[in-house]
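# Structural overview
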Amino acid sequence: MSSNAPIAGHPDLTEMRLRYERAAETPTAQVADGFTVLGGLFVALSPWITGFHAMTPSLTLNNLVTGLTATLLGLSFAAAYHRTHGIAWTVPVLGVWTIVAVFVMSGTAVMTSSVLCNVIGGAVLILAGLGTMAPAYATRATT
């Protein structure tokens, strides 16, 4: 095979796709993707759910953007895991940022509701992101 041949003609491409499809169909991956979507929605909506949106507009915007990003990532993992598994590491990073943001963003009043929402939402994103990454690493280890 020529080095200039497109990837579509690679003989292992079908096997690679099947491996990631099997990984995406595991209960662990499906639960993790669902928790990524739900955790992202919770983070995005938490300023309005608990009422800290008026006092901390910068944290409100941060939670909205971070939460919607996590939600879109979770949906993309569920829809096309074989194409998006490589960026699964971003979800735990978003979770860590969600926890840290309440303490480091300027103009943010540290209130019990904002701290609890960010810590709980961030922890869910960290665990869900690690769960999303697990099937890809498990299939790599078995091959």
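Quick summary incoming for the structure in this document.

### What to know about the overall build of the protein
From N to C terminus, the protein includes six helices and zero strands. Scanning the protein from its N terminus toward the C terminus, one meets helices and strands in the order α-α-α-α-α-α. A buried classification covers 40% of the 143 residues belonging to the protein. Sequence separation of 24 or more characterises 71% of the internal contacts of the protein that already satisfy a separation of 6 or more. For the protein, the accessible area works out to roughly 7,800 Å², and carbon and sulfur atoms hold 71% of it.

### What about helix H5 (residues 90-104)?
With 15 residues, H5 extends 20 Å between its outermost C-alpha atoms, agreeing within 8% with the 21 Å of an ideal straight helix rising 1.5 Å per residue. Maximal helix bending in H5 amounts to about 25 degrees, located at Thr 98. Turning to H5, its buried residues are Thr 90, Val 91, Pro 92, Leu 94, Gly 95, Thr 98, Ala 101 and Val 102.

### Brief notes about the side chain of Ser 46
Mapping Ser 46 onto the fold places it in helix H2 (residues 27-50). What makes Ser 46 buried here is its relative accessible area of 1%. Here the side chain of Ser 46 touches Val 43 through a polar contact of 3.0 Å, landing on its backbone oxygen. Setting aside residues no more than four positions away along its own chain, Ser 46 makes contact with Gly 51, Phe 52, Asn 63 and Cys 117.

### Focus on the environment of Met 111
Residue placement: Met 111 occurs in the loop between H5 and helix H6 (112-142). For the pair formed by Met 111 and Phe 52, sequence separation is 59 residues and the distance between their alpha carbons is 8.1 Å. Setting aside residues up to four positions removed in sequence, Met 111 forms contacts with Phe 52 and Met 55.

Cut-offs and rules
- Residues numbered from 1 in each chain as written.
- Predicted model: local features only at pLDDT ≥ 70, side-chain atom pairs only at ≥ 80, totals over all residues.
- Heavy atoms only, no water.
- Helix = DSSP H or I, 4+ residues; strand = E, 2+ residues; numbered from the N terminus.
- Buried < 20%, exposed > 50% of the residue type's maximum accessible area, 1.4 Å probe, protein only.
- Contact = heavy atoms within 4.5 Å.
- Areas by Shrake-Rupley, 256 points an atom, 1.4 Å probe, with all protein chains shown as cover.
- Expected span 1.5 Å × (residues − 1).
- Bend = angle between axes of the 7 residues up to and from the residue.
- Polar contact = N/O pair within 3.5 Å; in protein donor to acceptor, adjacent residues only side chain to side chain.

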